[in-house]
Amino acid sequence: MNGELAPGTYRAKNGDLIHCRDDFEGHTAVEVEHDDGSSTEADMSILRGAVRISDDPDRPARHPRFVGLLRFG
């Protein structure tokens with residue numbers, strides 16, 4: 001962790017979702033997901049006034065996860 005920001009999902013004042021995660025070098029990557037589904041990279045200044053809504057940087061899941069069935073003999 002970078003010591004400045006905990007990874008997770010935040011909600012900006014304008015309603016956009018902000019996904020924060022640490023990359024493999026320990027730097028923070030900030031991605032903004034807009035209402036129309038598009039996403040852009042941003043700097044951490046977008047977090048001013050944002051509210052943390054989850055510890056999971058991918059919340060809510062953008063793509064539904066496949067849930068299969070297991071059949072037992």
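Since the model is a prediction, treat every value here as computed from it, not as a measurement. (Residues numbered from 1 in each chain as written. Predicted model: local features only at pLDDT ≥ 70, side-chain atom pairs only at ≥ 80, totals over all residues. Heavy atoms only, no water.)

### What to know about the sheet that holds strand β1 (residues 8–11)
Strand order in the open sheet formed by five strands is β4-β3-β2-β1-β5, and the pairing between neighbours is antiparallel. Lying at the two open borders of the sheet, with one neighbouring strand each, are β4 (39–41) and β5 (51–54). Going from strand to strand, the sheet's axes swing by 30° on average, the running direction of each strand aside. Relative to β5, β1 is paired through three bridges, and the arrangement is antiparallel. Residue pairing in the sheet places T9 in a bridge with S54 of β5. (Pairing = 2+ DSSP bridges. Helix = DSSP H or I, 4+ residues; strand = E, 2+ residues; numbered from the N terminus. Axes fitted to C-alpha atoms, helices over the stretch in contact; angles between N-to-C directions.)

### Re the nonpolar core
L5, Y10, A12, I18, C20, V30 and L47 form the largest nonpolar core, which has seven residues in total. With residues up to four places along the chain from it excluded, the contact list for Y10 reads L5, D16, L17, I18, C20, L47, A50, V51, R52 and I53. (Core = buried A, V, L, I, M, F, W, Y, C linked by side-chain atoms within 4.5 Å. Buried < 20%, exposed > 50% of the residue type's maximum accessible area, 1.4 Å probe, protein only. Contact = heavy atoms within 4.5 Å.)

### Examining the pattern of salt bridges
Under the defined criterion, the tally for this structure stands at three salt bridges. Where E31 meets R21, a salt bridge forms, and the shortest distance between an N and an O atom there is 3.5 Å. Residue E31 is found in strand β3 (residues 28–33), and its partner R21 is found in strand β2 (residues 17–22); the two are separated by ten residues along the sequence. Of the residues examined, E31 reaches a relative accessible area of 18% and is grouped as buried. Of the charged contacts in the structure, one is a salt bridge between D55 and R52, with a shortest N-O distance of 2.9 Å. (Salt bridge = Lys/Arg side-chain N within 4 Å of Asp/Glu carboxyl O.)

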